[in-house]
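Coordinates in review
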Amino acid sequence: MKKKSKNAHGASNRKKQQCPTYREDELRRNHATIDENEKEQPAISRSRRSFLGKVTAAAVAASVLGVPKLIKSQTAVMPADDTGETTYTTSCTTGCDIELQTPTQRANTSLSRRVEAAIYERIQGIPPHPCNGDETLYRNQYFIGSFTKGLAKINNLGEVDPAAYCALLRAVRTGNPSDFNAIPLGCVPCNSASKYDTTMSESTTDTYSYSDVYYQDESAVPNAQTEADSSTYNELSASDQAALYDGPVQTASQESADQQAAANAKSINVPQEETARLSSLGTLSAVGMQRRLVNPQGGLAYDLEGIDSHQLATNPAPTFASADEAAEAVELYWMDLARDVPFISYDTDSTIAAAVADLNTRYKWYAGLPQYEVVPPGRTPRLQPRGFPTDPMTPLGQIPGPYNNITPRTIFRGFTRGDLTGPYLSQFLIRDIPYGRQTIFNMIQPLAAQNYMTNQNDWFFVQRGCMPAPPALLQLRRRITNARDITSYVQVDAITQAYWNALWLILMVPDAMRLDGGGLGIPFDPNNPYNNNCTQEGFVTFGPTHIVALLNKVAYVAHKGTWYQKWFVHRRLRPEEYAGRVHFTLKGIKPYPINSAINNSTALPRIATQTGGNYFLPQAYPEGSPIHPSFTAGHATLAGAAATILKAFFNDQAVIPTPVYQTDANGNLVSYTGPGYNQLTVGGELDKLASNIALGRDWAGVHWRSDYTASMLLGEDFAVQLLQDYGYNYNEPFAGFSFTDFRGRRRTGIGAKRT
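Let me sum up the structure you'll find in this document. (Residues numbered from 1 in each chain as written. Predicted model: local features only at pLDDT ≥ 70, side-chain atom pairs only at ≥ 80, totals over all residues. Heavy atoms only, no water.)

Attention now goes to the pattern of salt bridges. Across all of its chains, the model carries 22 salt bridges by this definition. Arg-572 is paired through a salt bridge with Asp-707; the nearest N and O atoms lie 2.7 Å apart. Here Arg-572 is found in the loop between helix H17 (544-570) and helix H18 (575-586), whereas its partner Asp-707 is found in helix H22 (residues 705-726), with 135 residues between them in sequence. Taking the relative accessible area as the measure of exposure, Asp-707 reaches 0% and is therefore buried. Three or more residues are tied together by salt bridges with common partners; here these are Asp-303, Glu-305, Lys-553 and Lys-560. (Salt bridge = Lys/Arg side-chain N within 4 Å of Asp/Glu carboxyl O. Helix = DSSP H or I, 4+ residues; strand = E, 2+ residues; numbered from the N terminus. Buried < 20%, exposed > 50% of the residue type's maximum accessible area, 1.4 Å probe, protein only.)

And the structure:
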């Protein structure tokens with residue numbers, strides 16, 4: 001017995017030596033503490049000792065080693081007793097607390113696996129986090145290329161008070177909660193924050209600017225527009241400001257008093273039943289009151305599962321003055337003009353035809369993320385989609401050629417192959433959901449066909465962070481039929497709502513006894529260890545509990561990652577802020593370095609006609625965007641992550657049975673037999689679902705196309721790393737998940753069991 005214990009101890013030591021040596025002393029101290037704690041629980045300890053005393057020496061050794069041992073059952077037949085019944089004795093173990101390891105050994109194994117998983121994640125490396133350099137470039141021009149919505153303003157053009165922006169930078173630099181609390185806001189400030197020094201030391205200047213990491217070869221692009229030169233653009237003098245702003249620039253106290261008066265007046269003029277509404281955080285906020293910054297400290301939270309949020313990166317967003325930015329803005333103007341066109345009418349609608357012609361002629365070569373990536377030696381290029389979707393599809397990372405044209409069937413779609421197959425809307429966004437014994441009818445209450453923030457007063461009110469009145473809703477329910485309906489869906493969706501619905505459609509089987517017909521009955525991933533098991537099925541692992549937990553977990557992981565990118569790396573301005581700069585430039589009020597490519601669009605005159613001569617980007621929501629930066633996008637990062645989890649867990653190559661689509665403006669469904677009807681796969685429709693949700697925020701006017709593209713890929717990365725991390729958890733033999741990623745590559749062995 002002693003010899004076996006010694007060998008077991010030696011095996012344990014060899015096992016510990018696989019971990020870094022700096023951990024050993026700490027582990028010994030922790031084990032001593034555990035042993036001491038267990039001495040304080042005599043009832044449990046006596047029970048365990050009693051149990052151990054009853055098993056054989058071999059079984060004790062096996063439990064110490066932590067290796068499963070099969071104990072051969074030896075059954076003896078005993079003579080019949082007085083009743084004439086034959087009795088049996090057996091040597092198989094009975095009693096309480098039967099397990100592979102003792103609880104102490106199990107806890108130590110859990111600790112070891114946590115350490116191993118953390119080491120695995122740590123060795124993935126630390127990438128640089130480049131931004132587009134606009135913050136540094138325009139630091140002396142009121143940070144015109146950065147996100148400033150909700151912060152205190154210096155004038156009625158929506159330009160930020162530099163002291164307020166520098167307070168934001170101070171907070172993200174220190175991470176001190178009190179510094180975040182002291183950021184001066186622009187509508188009804190809840191504090192009297194002191195104004196910080198607006199000068200910034202060289203150590204705070206971004207060292208990974210756009211020009212350092214990316215370059216654009218525009219010589220091969222037809223009608224290429226060079227970026228506007230802002231190096232000679234100087235801040236206006238006091239007299240020029242007075243002339244431009246129709247009077248002297250107000251002091252901070254005067255500005256604050258006027259803002260409060262305007263907020264009070266706005267509140268008085270709103271009907272009583274509209275004086276309170278839900279904010280993005282789900283709390284009630286009176287009309288005219290200050291909207292708060294959305295959770296900047298969320299980007300600093302750690303995670304004990306999956307890779308740390310700071311260990312993944314994305315390419316920087318296009319620069320403020322670039323042709324890419326102008327092209328993306330043009331697409332958003334067209335998306336506004338087409339918001340109410342039914343998807344089934346795209347082939348014949350004149351607005352869609354005009355948008356196709358404009359984007360094809362002037363912009364298809366620009367939009368997207370930068371064309372080339374400077375890759376460090378030994379690293380694999382991370383090609384990202386470029387350009388609007390074309391037919392045939394443009395290969396990833398390449399510029400569309402003369403034959404890669406945007407069409408009514410590809411316009412405003414996502415970049416994956418699934419996006420370009422079949423109807424615009426994913427099957428998972430229009431079919432009814434079998435939800436246990438309930439049915440979720442996939443209908444919404446649509447937003448009324450009304451646009452917001454189309455004049456300077458409303459635009460400025462919202463840029464200060466003031467809460468407007470709620471949107472108008474139609475008094476009916478219907479299936480999603482047009483883009484405005486998607487914007488209604490994604491305005492107040494319950495975080496993982498779309499992916500939960502998809503899960504139950506995939507998981508539940510068809511059932512003729514159900515009024516809703518049941519689900520699709522899609523099989524699990526081919527490597528699921530219970531697929532061909534005749535005695536067991538998955539539930540807690542590799543079953544419903546597992547996938548539900550992963551969907552919720554990946555939402556938390558993905559949002560922490562994208563909130564880090566938003567607040568601590570990019571701080572990209574929202575489209576509504578950029579469109580304000582476009583308006584003031586085109587109206588001759590103040591010149592901004594907007595790329596001249598925007599001047600050629602046929603969308604701008606239509607927007608001016610719609611808005612009474614203004615060029616603000618009409619918003620689907622009265623409040624416009626949330627009060628957090630644009631890049632990367634929360635909806636899109638989660639979409640990429642959640643779709644990846646679902647594709648991994650199920651057979652994503654399975655074909656969708658009996659696809660359906662809308663036949664009229666009310667969204668009534670019939671069988672779909674159009675192009676690609678027999679090529680709609682689970683994976684392709686999940687990719688399309690992710691794009692529908694992510695681009696729904698673009699349709700609303702609150703995000704850019706490159707927000708969507710970069711974020712989908714970032715979310716996919718977070719999901720893959722989480723699945724890899726879970727490989728340390730399984731008892732079952734598991735060869736790993738397989739799925740087709742957003743770039744069209746087949747991924748295998750993801751999250752395979754590790755020991």
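A few words now on the environment of Leu-695. Secondary-structure assignment places Leu-695 in helix H21 (residues 682-699). Distance in space between the C-alpha atoms of Leu-695 and His-635 is 8.9 Å, their sequence separation being 60 residues.

It is worth spelling out helix H19 (residues 603-611) at this point. Three or four residues apart is the spacing at which side chains of an α-helix point the same way, because the helix has 3.6 residues per turn. Taken residue by residue, H19 has Ala-603, Leu-604, Ile-607, Ala-608 and Thr-611 as its buried positions. All buried residues of H19 lie within an arc of 135° about the axis, which places them on one face of the element. Gly-612, located one to two residues past H19, shows a positive phi value of around 75°. (Arc of directions from axis to C-beta.)

In this section: the packing of aromatic side chains. Throughout the structure, instances matching the rule amount to 25 aromatic pairs. Between Phe-143 and Tyr-165, the aromatic rings sit 4.2 Å apart at their centres with planes inclined by 25°, giving stacked as the arrangement. Taken together, the residues span a long stretch of sequence, with Phe-143 in the loop between helix H6 (134-137) and helix H7 (162-174) and Tyr-165 in helix H7 at a distance of 22 residues. Where Tyr-661 meets Tyr-672, the ring centres are 5.4 Å apart and the plane angle is 75°; that geometry is what we call edge-to-face. (Phe/Tyr/Trp six-rings, centres within 6.5 Å; stacked < 30°, edge-to-face > 60°.)

Inspection of the secondary structure puts Tyr-564 in helix H17. Spatially, the C-alpha atoms of Tyr-564 and Val-172 are 9.9 Å apart, while their sequence positions differ by 392 residues. Dropping the residues within four chain positions of it, Tyr-564 is found in contact with His-129, Gly-299, Ser-309, His-310 and Val-569. (Contact = heavy atoms within 4.5 Å.)

This brings us to the nonpolar core. The nonpolar side chains of soluble globular proteins are, as a tendency, buried together. Membership of the largest hydrophobic core comes to 131 residues, with the highest contact counts inside it found for Phe-412, Phe-428, Tyr-499, Tyr-578 and Ile-598. If near-sequence neighbours (up to four positions away) are discounted, Tyr-499 is found in contact with Leu-551, His-635, Leu-638, Ala-639, Ala-642, Leu-646, Leu-689 and Ile-693. Residues Cys-166, Ala-171, Leu-185 and Val-294 belong to the second largest nonpolar core, which totals 23 residues. (Core = buried A, V, L, I, M, F, W, Y, C linked by side-chain atoms within 4.5 Å.)

Angle between the axes and distance between the axes: these two values describe a pair of packed helices. Between helix H12 (residues 323-337) and H18, the least distance of the axes is 11 Å, while the angle of their chain directions is 100°. Considered as vectors, H12 and H18 are oriented roughly perpendicular to each other. For the pair formed by H12 and H18, the contact residues are Glu-325, Ala-326, Ala-329, Leu-332 and Tyr-333 on the first element and Pro-575, Tyr-578, Ala-579 and Val-582 on the second. Taken together, the residues of the contact of H12 with H18 break down into eight nonpolar, no polar and one charged. (Axes fitted to C-alpha atoms, helices over the stretch in contact; angles between N-to-C directions. Parallel < 35°, antiparallel > 145°, perpendicular 65-115°, else oblique. Nonpolar A, V, L, I, M, F, W, Y, C, P; charged D, E, K, R; others polar.)

Looking now at the packing of H17 against helix H20 (residues 634-649). Put simply, H17 and H20 touch, their axes get as near as 8 Å, and they point 150° apart. By the angle between their axes, H17 is roughly antiparallel relative to H20. Crossing hand, H17 versus H20: right-handed. Contact with H17, carried on its side by His-546, Ile-547, Leu-550, Leu-551, Val-554, Ala-555, Ala-558, His-559, Thr-562, Trp-563 and Lys-566, involves Gly-634, Thr-637, Leu-638, Ala-641, Ala-642, Ile-645, Leu-646 and Phe-649 of H20 and no other residues of that element. (Left-handed = near helix turned anticlockwise from the far one by under 90°.)

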